[in-house]
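Structural description and commentary
Listed below, chain by chain, are the residues.
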Amino acid sequence: MAKSDYNAYENAQAQFDKVAEYLKLDSGMREFLRQPMKELHFTIPVKMDNGTTKVFKAYRSRHNDARGPAKGGLRFHPDETADDVRALSMWMTWKCATVDIPLGGGKGGIVCDPRTMSLAEQERMCRGYVRGLFKEVGPNSDVPAPDVMSNNQHMLWMLDEYETIAGARYPGMITGKPVGMGGSLGRTEATGYGVIYTLKAYAAAEKINLAKTTASIQGFGNVAEYAARMYSELGGTIKCVSCWDAADNKAYTFKKEDGCNIAELVSIKDTFGSIDKTKAQKLGYQIIDGDAWLKEEVDILIPSALGNQITPKNVADISKKVKIICEGANGPTTPDADPLLQKRGIFMIPDFLCNAGGVTCSYFEQVQCNMNYFWDKQEVLNKLEYAMTKAFTAVHELAKEKKLYMRDAAYVIAINRVAEAVKKRGWV
Ligand code: NAD
């Protein structure tokens, strides 16, 4: 999505190829798992408020559904590409397998900038996406959810369009719906909290007192905000957060040496996760370069914005103090940066384990929709923490036992589970 020298799909394939070789997967299975099973490219003509028609490019990729219906978010971004969507659908397969939920991997994207569109235009675009995909999505085939710049209102419009065409109610067709309209309590918090549940599990295993640690976060959207909230609740200090400023077309880092007040920063951010600079300055925040979050002298880095942010070009900028990276975003570290981080002894909690809380809670949302009975928030969060801790522990123990990098250990577990399902179905 972000313009960069790296291609997310090539990254996802390089990561897969490395572990496929380690596992000695046969060539048919490798060929099958290193690309999506199915993908759709289409256009959505939208009548804009000024009377013109704008045509948006849209994608949906189904990487693998051997373990269950495909599941994956839908991104709205002006730089979205087919390769991004392919990569993200692939990571979704591994994510669902790592947390052991009965779902496969899917992903969607629309090349658009909702920040510049009215709500009515966004609604028409969402409904157009469902009309273009009607036969390909559904509770038993492929289930979309919110992702970058898409939200629960978008999901509800899409559900409404689907149900209008289908002539019946299918609340399990999409997740991330508003609470009271088929959504699950805890879904808003789930990805960010999940990031910190994995960190908490690591801290417990290694006897690290999180209250004595410091962190720096890239992003201040859904994932970053709730990761920041939970980490602060555990007593950790967030020295800075960075986010995008649409007006200036660049990122800034907001810093307070003695720790950011997360509730205060949330109160001055917009719905796209951008912090108001003037208000932040009045509250005493230093506003510095967008890349500064990576160079901070902290114990933990939590990249929670975009892909391809940690590369061989900037690994040397990471402070010697950093001991842990929690990947809240999808694909924030490029495959060529991984060996450098590993050499430095930085403990990696890889994206498709670290940020799996969102899809795990989406799965809970579907389960509740199917029962038409909804749990209270604490029940959802307890189940979420249990699932994330269990998944983290399995990966961590395998990594220690086989002396594997955490990302590779997660891949070993995920690929084995998916390959087994593919084999049992007799596909390969
Ligand atoms: P979001 O749209 O709510 O927030 C994105 C944040 O990133 C915003 O604060 C934005 O200002 C910031 N940002 C954008 N460009 C930036 C840049 N160049 N430098 C610094 N900050 C920048 O998105 P989100 O839902 O929080 O998702 C963030 C990441 O987490 C994505 O990679 C997404 O795929 C991944 N993810 C999200 C979920 C979820 O449930 N929302 C689940 C799993 C993974």
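Residues numbered from 1 in each chain as written. Predicted model: local features only at pLDDT ≥ 70, side-chain atom pairs only at ≥ 80, totals over all residues. Heavy atoms only, no water.

Attention now goes to the packing of helix 6 (residues 187–206) against helix 14 (residues 377–402). Put simply, helix 6 and helix 14 touch, their axes get as near as 8 Å, and they point 50° apart. Considering the angle they form, helix 6 stands oblique to helix 14. Helix-helix and strand crossings are classified by hand; for helix 6 and helix 14 the assignment is right-handed. Each of Glu189, Ala190, Tyr193, Gly194, Tyr197, Thr198, Lys200, Ala201, Tyr202, Ala205 and Glu206 in helix 6 lies in contact with helix 14, whose residues at this interface are Lys377, Leu381, Leu384, Glu385, Met388, Thr389, Phe392, His396 and Lys400. For the contact of helix 6 with helix 14, the class distribution of residues is 10 nonpolar, 4 polar and 6 charged. (Axes fitted to C-alpha atoms, helices over the stretch in contact; angles between N-to-C directions. Helix = DSSP H or I, 4+ residues; strand = E, 2+ residues; numbered from the N terminus. Parallel < 35°, antiparallel > 145°, perpendicular 65-115°, else oblique. Left-handed = near helix turned anticlockwise from the far one by under 90°. Contact = heavy atoms within 4.5 Å. Nonpolar A, V, L, I, M, F, W, Y, C, P; charged D, E, K, R; others polar.)

Within the largest apolar cluster, 90 residues are counted, with the highest numbers of intra-cluster contacts made by Leu33, Trp91, Trp94, Ile275, Ile300 and Cys326. In terms of residues, this core owes the most to one element, helix 15 (residues 406–425), which gives 12 residues. Not counting the four nearest positions on each side in its chain, Ile275 is found in contact with Phe220, Val241, Cys243, Phe254, Leu265, Ile268, Lys269 and Ala280. Ranked by size, the runner-up nonpolar core spans 26 residues in total, among them Ile110, Met117, Cys126 and Tyr129. (Core = buried A, V, L, I, M, F, W, Y, C linked by side-chain atoms within 4.5 Å. Buried < 20%, exposed > 50% of the residue type's maximum accessible area, 1.4 Å probe, protein only.)

Taken together, 26 residues surround the ligand, and among them Arg75, Thr191, Phe220, Gly273 and Asn330 come closest. One of the side-chain nitrogen or oxygen atoms of Arg75 is found 2.6 Å away from an oxygen atom of the ligand. Take Gln218: an N or O atom from its side chain is 3.4 Å from a nitrogen atom of the ligand. Bound to the protein, the ligand loses 90% of the 830 Å² it would expose on its own. (Near = heavy atom within 4 Å. Polar contact = N/O pair within 3.5 Å; in protein donor to acceptor, adjacent residues only side chain to side chain. Areas by Shrake-Rupley, 256 points an atom, 1.4 Å probe, with all protein chains shown as cover.)

With that settled, consider the packing of aromatic side chains. Per the counting criterion, the structure on display carries 14 aromatic pairs. With centroids separated by 5.7 Å and ring planes inclined at 5°, the aromatic side chains of Phe16 and Trp94 adopt a geometry described as stacked. Of this pair, Phe16 sits in helix 1 (residues 8–23) while Trp94 sits in helix 3 (residues 82–98), and the two are 78 residues apart along the sequence. You'll find Phe16 and Trp94 in the same group, each marked buried. Both rings, one in Trp94 and one in Tyr411, keep their centres 6.2 Å apart while their planes meet at 65°; by these two values the pair is edge-to-face. Remark: Tyr411 occurs in helix 15 and Trp94 occurs in helix 3; sequence separation between them is 317 residues. Accessibility assignment for this pair places Trp94 and Tyr411 in one class, buried. One aromatic cluster is present, formed by Phe16, Trp94, Phe352 and Tyr411 through successive ring pairs. Between Arg86 and the ring centre of Tyr9, over which it is positioned, the NZ or CZ distance is 5.7 Å. The aromatic ring of Trp375 is capped on one face by Lys383, whose charged end is 4.4 Å from the ring centroid. (Phe/Tyr/Trp six-rings, centres within 6.5 Å; stacked < 30°, edge-to-face > 60°. Lys NZ or Arg CZ within 6 Å of the ring centre and 35° of its normal.)

Right, let's talk about helix 5 (residues 152–166) for a bit. Counted at 1.5 Å a residue, the expected span for helix 5 with its 15 residues is 21 Å, and the 21 Å between its end C-alpha atoms agrees. Of all the residues in helix 5, the buried ones are His154, Met155, Leu156, Trp157, Met158, Leu159, Glu161, Tyr162 and Glu163. Of the surrounding elements, those touching the buried residues of helix 5 are strand 3 (70–76), helix 4 (119–133) and strand 5 (142–146). Of the residues flanking the start of helix 5, the one acting as N-cap is Asn151, its side-chain oxygen 3.1 Å from the backbone nitrogen of Gln153. Backbone geometry just downstream of helix 5 places Gly167 in the positive-phi region, at approximately 75°. (Expected span 1.5 Å × (residues − 1).)

A few words on the sheet that holds strand 5. In sheet architecture, strand pairing relies on hydrogen bonds along the backbone and comes in two forms, parallel and antiparallel. Ordered in space as 1-2-4-3-5, the 5 strands form an open sheet in which the pairing is mixed. Strands with a single pairing partner mark the edges of an open sheet, and in this sheet they are strand 1 (38–47) and strand 5. Within the sheet, the average angular offset between the axes of one strand and its neighbour, ignoring direction, is 20°. Pairing of strand 1 with strand 2 (residues 53–64), which is carried by 10 bridges, proceeds in the antiparallel orientation. Bridge pairing links Pro45 to Val55 in strand 2. (Pairing = 2+ DSSP bridges.)

Attention now moves to the layout of surface pockets. Any empty space left between atoms is shown by rolling a water-sized probe over those atoms. Volume-wise, the second largest pocket comes out at about 220 Å³. Counting residues per element, the ones that place at least two in the lining of the second largest pocket are helix 13 (357–371), helix 14 and helix 15. Ranked by residue count, the leading element in the lining of the second largest pocket is helix 14, at 6 residues. A per-class count over the lining of the second largest pocket returns 9 nonpolar, 1 polar and 4 charged. (1 Å grid on protein atoms, 1.4 Å probe; cavity = no way out; pocket = protein on both sides within 12 Å on 5 of 7 lines; lining within 4 Å. Points joined across faces, edges and corners; volume = space filled by probe spheres on them.)

Notably, Lys24 is not glycine yet its phi reads approximately 55°, a positive angle. The topology assignment puts Lys24 in the loop between helix 1 and helix 2 (27–33). The backbone of Asn308 shows a phi angle near 55°, a positive value even though the residue is not glycine.

The subject of this paragraph is the pairing of strand 5. Where burial is concerned, most of strand 5 is hidden: 4 out of the 5 residues are buried. With 5 bridges connecting them, strand 3 and strand 5 associate as parallel partners. By the bridge assignment for strand 5, Lys71 is matched with Val143.

Most of strand 6 (residues 214–218) sits inside the fold, with 5 of its 5 residues counted as buried. Here strand 6 shows a buried face lined by Thr214, Ser216 and Gln218 and a second buried face lined by Ala215 and Ile217. Taken together, strand 6, helix 7 (residues 222–233) and strand 7 (residues 237–245) constitute a β-α-β crossover, and its handedness is right-handed. When strand 6 meets strand 10 (residues 300–303), the two strands line up parallel, connected through 4 bridges. In the strand pairing of strand 10, Ser216 is matched with Leu301. (Right-handed = clockwise from strand over helix to strand, strands pointing away.)

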